[in-house]
Amino acid sequence: MPFRSFREVREHLDALGMFHMELGLGRIRRVLTALGLERPPFTVVQVLGTNGKGSTCAFLDSLCMAHGVRTGLYTSPHFVSPEERIRVDSEPLPGDMWPELANAVMAAAGAEPLTYFEFLTALALLAFREAGVEVAILEAGLGGRNDAITAVVADLLCFTPIAVDHAAVIGPTLAHITRDKAAAIRSRAPVCSAPQYPLAAAELAAAAARHGAEITVAAPLAPQWLPRLGLAGSHQLVNAALALVAWHLLAPLLGRSPGDAAAEEQGLARAFLPGRLQRLPKTADHPALLLDGAHNPHGMQALLRAFGLGDAAGAPALPQPSAVIFSCLGDKDWRSSAAMLRRHFPQTPVLVPELENPRAADAAEVAAFFAALSPAPATPFSGKDALGRALAAAAPLCTSPDAVALMTGSLYLLAEFFGRYPQHLAPSPSPME
């Protein structure tokens, strides 16, 4: 039966299972070939890596728009609705456009169903063609060798910092993980990379050399850029620099001049991504909050640097949190991240709301882990409205004018928060707007 509404499309996606994976590119390639999208009529940028993919995509998307380029942006995961994953000129693809696109994808797939991520990848590329974008920026979901975006011919590849994550799926060591991601390099298309661990850098360089691709390493921007970036934290100096190098490689492919300094500054300043060191003011429902999606040790290290803990980049330190709201998925390396938090904030109360997710870590187990590391309170919240009760418990801990509660540990924790307060998924209007 054809889809008649966005709700029906979403129900189909839910039935596919967001976390269900079937490795291999055969299905998505057949669908893209049927749709005429394996070599799309727009320039394709693929963004791969472990941490910083979303930020790099946001910076590059903003840089393109600042130069008058019509863009398509495909990212994951979403916080509240799949509409967030597919954007044209930074605006989410409206739900009323999804049924027709989804019907075309279903017809192309035939009897062999696509996975959740494959379905969305095909739908996004079809939407971008219909919208007449000039460039599509595609964020890898997991790895590179078997990631659905790798089924598309790439014109430019960007590698953000690579670290150990998803080890159960793509390999137990940094070498395994880098080789999997580097397998996305399949041609002479230019490659740009953030600075990498030496082993990862060597693997990327070898993969590029095998295909005759030139690789450019982006040096981090100078600390003087920090107040001018749309995304906070000294780690964004790397992501912004990578996006800027990507723009300089991309512009000639689009017939554009890359050297407009004013447009570049505007693009970097207007980048926005929810849940990345995002500050929210106090309300009647919650204290002032700092939201960050750090969900592995590499991301947690970047977050802690923003508090002036081991930061050599000269960034102004954020205020120390008066409370930490931490939750996580049980299949992530949450103990390493939790230990880093507790080591740097030994006296800060921790509130652990259990996620409404089948992969959620047990709140009592997480709280006990924190309690074993420090005498500071660690309180679990499970059952109905666990996050709401944790937010309420944080409020009396944040009474001074500059007090803030840090919420981190999982993008799915932030998803629950944004489900309550979806207005924070978009940037707050500036006073001049």
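Our structure is the block above this text.
This text gives an overview of the structure that appears in the document. It should be emphasised that the depicted structure is a prediction, and the values quoted were computed from it without experimental measurement. (Residues numbered from 1 in each chain as written. Predicted model: local features only at pLDDT ≥ 70, side-chain atom pairs only at ≥ 80, totals over all residues. Heavy atoms only, no water.)

## Comments concerning the pattern of salt bridges
And then number 1: Within this structure, the stated rule accounts for 13 salt bridges.
And then number 2: With its nearest N and O atoms 2.8 Å apart, the salt bridge here joins Arg27 to Glu118. Taken together, the positions of Arg27 in helix H2 (residues 26-35) and Glu118 in helix H5 (residues 116-131) put the pair 91 residues apart, joining distant regions of the chain. Grouping residues by exposure puts Arg27 and Glu118 together as buried.
And then number 3: The salt bridge involving Arg228 is made with Glu265; its shortest N-O contact spans 3.4 Å. Of this pair, Arg228 sits in the loop between strand E8 (215-217) and helix H9 (236-253) while Glu265 sits in helix H10 (residues 261-270), and the two are 37 residues apart along the sequence.
And then number 4: For Arg228, a relative accessible area of 32% gives the class partly exposed.
And then number 5: Glu265 sits in the partly exposed class, given a relative accessible area of 31%. (Salt bridge = Lys/Arg side-chain N within 4 Å of Asp/Glu carboxyl O. Helix = DSSP H or I, 4+ residues; strand = E, 2+ residues; numbered from the N terminus. Buried < 20%, exposed > 50% of the residue type's maximum accessible area, 1.4 Å probe, protein only.)

## Notes on the side chain of Glu203
And then number 1: Within the secondary structure, Glu203 is located in helix H8 (residues 198-210).
And then number 2: Side chain to side chain, Glu203 and Arg179 meet in a polar contact 3.0 Å long.
And then number 3: Among all residues touching Glu203, those that are not within four sequence positions of it are Ala175, Thr178, Arg179 and Ala182. (Polar contact = N/O pair within 3.5 Å; in protein donor to acceptor, adjacent residues only side chain to side chain. Contact = heavy atoms within 4.5 Å.)

## Some words on the sheet that holds strand E7 (residues 191-193)
And then number 1: One open sheet accounts for eight strands, arranged E4-E3-E2-E5-E1-E6-E7-E8; its pairing is mixed. Both outer strands of the open sheet, strand E4 (91-92) and E8, are each paired with one neighbouring strand and no more.
And then number 2: Bridge count for strand E1 (residues 43-48) against strand E5 (residues 135-139) is five bridges, and the pairing is parallel. Note that in E5 the partner of Val45 across the bridge is Ile137. (Pairing = 2+ DSSP bridges.)

## Things to note about the packing of aromatic side chains
And then number 1: Considering all chains together, one arrives at nine aromatic pairs under this definition.
And then number 2: Relative to Phe345, the ring of Phe307 has its centre 5.3 Å away and its plane inclined at 80 degrees; by these criteria the two rings are edge-to-face. Of the two residues, Phe307 sits in the loop between helix H11 (297-305) and strand E11 (323-326) while Phe345 sits in the loop between helix H12 (334-344) and strand E12 (350-353), which places them 38 residues apart along the sequence. Of the two residues examined, Phe307 and Phe345, each falls in the buried class.
And then number 3: Among the aromatic residues, ring-to-ring pairing joins Phe79, Phe417, Phe418 and Tyr421 into one connected group. (Phe/Tyr/Trp six-rings, centres within 6.5 Å; stacked < 30°, edge-to-face > 60°.)

## Regarding the sheet that holds E12
And then number 1: Taken together, six strands build an open sheet; the order of strands is E9-E10-E14-E11-E12-E13 and the sheet is mixed. With partners counted over all chains shown, the strands left at the sheet margins are strand E9 (278-280) and strand E13 (378-381), one partner each. Strand-to-strand twist across the sheet, computed as the mean angle between neighbouring axes with direction ignored, equals 20 degrees.
And then number 2: Across three bridges, the pairing between strand E10 (residues 289-291) and strand E14 (residues 405-408) is parallel. Following the sheet pairing, Leu291 is matched in E14 by Met407. (Axes fitted to C-alpha atoms, helices over the stretch in contact; angles between N-to-C directions.)

## Some remarks on the environment of Leu63
And then number 1: Among the structural elements, Leu63 can be located in helix H3 (residues 53-66).
And then number 2: Classification of Leu63 by relative accessible area gives buried; the value is 0%.
And then number 3: Contacts of Leu63, omitting those with residues within four sequence positions, involve Ala243, Leu244, Trp247, Glu264, Gly267 and Leu268.

## Side note on the packing of H11 against H12
And then number 1: Where H11 contacts H12, the axes come no closer than 8 Å and their chain directions differ by 20 degrees. It follows that H11 is roughly parallel to H12 by the angle criterion. The way H11 lies across H12 gives a crossing that is right-handed. For the pair formed by H11 and H12, the contact residues are Pro297, Met300, Gln301 and Leu304 on the first element and Ser336, Ser337, Met340, Leu341 and His344 on the second.
And then number 2: Partitioning the contact of H11 with H12 into residue classes produces five nonpolar, four polar and no charged. (Parallel < 35°, antiparallel > 145°, perpendicular 65-115°, else oblique. Left-handed = near helix turned anticlockwise from the far one by under 90°. Nonpolar A, V, L, I, M, F, W, Y, C, P; charged D, E, K, R; others polar.)

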